[in-house]
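Residue-level structure breakdown
Listed below, chain by chain, are the residues.
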Amino acid sequence: MRNKKAVAEYIICLLLAVVYLIFLDGKAGMFILIALITAPIISVLITLYAKSKLEFSFGTEKSVLGKGVKTNGVASFSSGAFLPTPFITVELFADEHFYCNQKNFRLALKPKTERKLSTELTGLICGKGRTGIYSVSISDYLGLVTFDVYTERGLMEYSKSIGIIPDIPDTSLKNELIKSACAVISSEDAEESEDTVHTFGGNPGFEHREYEPGDPIKRINWKLSSKYDKLMVRLDEGTAEAKQYAVLDFMPDNDPDKVTSLYNEERITEGLLAFSAVISKLGKELILFIPFKDGWQQRSIKTMDDVYELQFLFSDFEYKDIPLSRLPDDVINGESKVGVITLFTNSPDAKLLSVSDTLISKGSVVFTAISVPTTMDIPDLWIIGDDYTFTKYI
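It should be emphasised that the depicted structure is a prediction, and the values quoted were computed from it without experimental measurement.

When its secondary structure is counted, the protein shows nine helices and 19 strands. For the protein, with 394 residues in total, the buried portion stands at 45%. Accessible surface, the protein: about 20,200 Å² in total, of which carbon and sulfur atoms supply 55%.

The following block contains the structure:
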């Protein structure tokens, strides 16, 4: 019982009134006793009336924050009663994406007035955070009875989501994972060592025809020519540039500690942003697949503006187990190899390893980036360090 002290004090007052009635002054004691009995009834009735006239809402000053940036969450309360309200107890909540400087409040409202309660929120961990009113209760004037006005039960009726924008870590252009991935897709190497380079769907990246007098010698594909026993030249240089692919796995981190799990997921997100930024600075295109809004979304990252747009997009992103294949169908079901793919994952499990092996069997090169060590035996596995360097995990 939340009001034990007040009830105990009230009972003591009743007992004293009875003693006064019996031993001192019967008439005055009876008056005191009647007043003590009727006061709680009147108090509770007025409290129920005030409760019925109480309205409240919750809002935030900003819907998107950078990490370390502050905003205010504001709970607004108004009373339509013609009497002052008893004390109202309010508890706010803010999930692990924020630091909240105050969550508990007590207030009373004058007749037909409004009051705002403000708490300062600081963005800590990137992604979709939520804050709002967790509970509201009102106690009668004597503090004997407390009525629950609202309790959060998962419906989030009085709450708001705020997106926390991730950072783009400044990682070296000489990052070993990026150097390895770029080396695989080098167009010069592909021209000399591959018959054709395929994109998703099995379409050839190089088109060839038989050599004709006047064709530049440098366009002759010598390996393909030896295969067909006639000179073959590459037609369209514009299609020769192989593309880099990256896939963000949607599975959440499985650490039992929620805060640790969110920090691990943040490292994957920001590691992908760092990877994308370096690829764009190298003047190459990155084809990125991310699970967003319950479906795979494909984005082309060519410039830093594309990276900034992706950065903002991740402010509304959350890792969760959704009914999708672990990799996009375009990646898994391609009839031929897709060059090089870098997988960013929080959960390097057997299912992901299986689809990764399928791609490798088709001749693709698959790199896997993780944020915490794993016992899974995964080829070309890289771990993202505290300074967002990518280190080969052995």
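Now that the structure has been shown, the text picks up again.
This brings us to the sheet that holds strand 3 (residues 70-79). The strand order across the open sheet formed by four strands is 1-3-7-5, and the pairing between neighbours is antiparallel. Each edge of the sheet is formed by a strand with only one pairing partner; in this case those strands are strand 1 (54-60) and strand 5 (98-100). Across this sheet, the average inter-strand angle for adjacent strands is 25°, counted without regard to direction. In this structure, strand 3 lies alongside strand 7 (residues 114-123), joined through nine bridges in antiparallel fashion. Bridge pairing in strand 7 places Ala75 opposite Leu117.

On to helix 2 (residues 26-52), then. Between its first and last C-alpha, helix 2 extends 40 Å over 27 residues, near the 39 Å set by a 1.5 Å rise per residue. Inspection of helix 2 places Gly29, Leu33, Pro40, Ser43, Thr47 and Ala50 among the buried residues, and these make up the whole buried set. On its buried face, helix 2 sits against helix 1 (4-23), strand 1, strand 8 (127-139) and strand 9 (146-151). With a side-chain oxygen positioned 3.1 Å from the backbone nitrogen of Lys27, the residue opening helix 2 is Asp25.

All buried positions along helix 7 (residues 304-313) are accounted for by Val307, Leu310, Gln311 and Leu313. Looking straight down helix 7, one finds its buried side chains confined to an arc of 160°; they lie on one side. Structurally, helix 7 contributes buried residues whose contacts are with strand 10 (159-165), helix 6 (258-281), strand 14 (286-292) and strand 15 (295-301).

Next up on the list: the sheet that holds strand 17 (residues 365-370). The sheet built from seven strands is open, its strands ordered 15-14-13-16-17-18-19 with mixed pairing. Here the strands that pair on one side only, and so sit at the sheet edges, are strand 15 and strand 19 (390-392). Sheet twist, expressed as the mean angle between neighbouring strand axes with direction ignored, is 25°. Of the pairings in the sheet, the one linking strand 13 (residues 244-248) to strand 16 (residues 340-344) comprises five bridges and is parallel in character. Bridge assignment links Tyr245 to a residue of strand 16, and that residue is Ile341.

A few words on the nonpolar core. Membership of the largest hydrophobic core comes to 32 residues, with the highest contact counts inside it found for Leu248, Phe275, Leu310, Phe314, Phe344 and Phe390. Sorting the residues of this core by element identifies helix 3 (176-184), strand 13, helix 6, strand 14, helix 7, strand 16, strand 17 and strand 18 (381-384) as the ones contributing at least two each. For this core, the element with the most residues is helix 6, which contributes seven residues. Beyond its immediate stretch of four places on either side in the chain, Leu248 contacts Ile268, Leu272, Phe289, Ile290, Pro291, Trp296, Phe314, Phe317, Tyr319 and Phe344. Residues Val90, Phe105, Val136 and Tyr150 belong to the second largest nonpolar core, which totals 18 residues.

Definitions and limits used
Residues numbered from 1 in each chain as written. Predicted model: local features only at pLDDT ≥ 70, side-chain atom pairs only at ≥ 80, totals over all residues. Heavy atoms only, no water. Helix = DSSP H or I, 4+ residues; strand = E, 2+ residues; numbered from the N terminus. Buried < 20%, exposed > 50% of the residue type's maximum accessible area, 1.4 Å probe, protein only. Areas by Shrake-Rupley, 256 points an atom, 1.4 Å probe, with all protein chains shown as cover. Pairing = 2+ DSSP bridges. Axes fitted to C-alpha atoms, helices over the stretch in contact; angles between N-to-C directions. Expected span 1.5 Å × (residues − 1). Contact = heavy atoms within 4.5 Å. Polar contact = N/O pair within 3.5 Å; in protein donor to acceptor, adjacent residues only side chain to side chain. Arc of directions from axis to C-beta. Core = buried A, V, L, I, M, F, W, Y, C linked by side-chain atoms within 4.5 Å.

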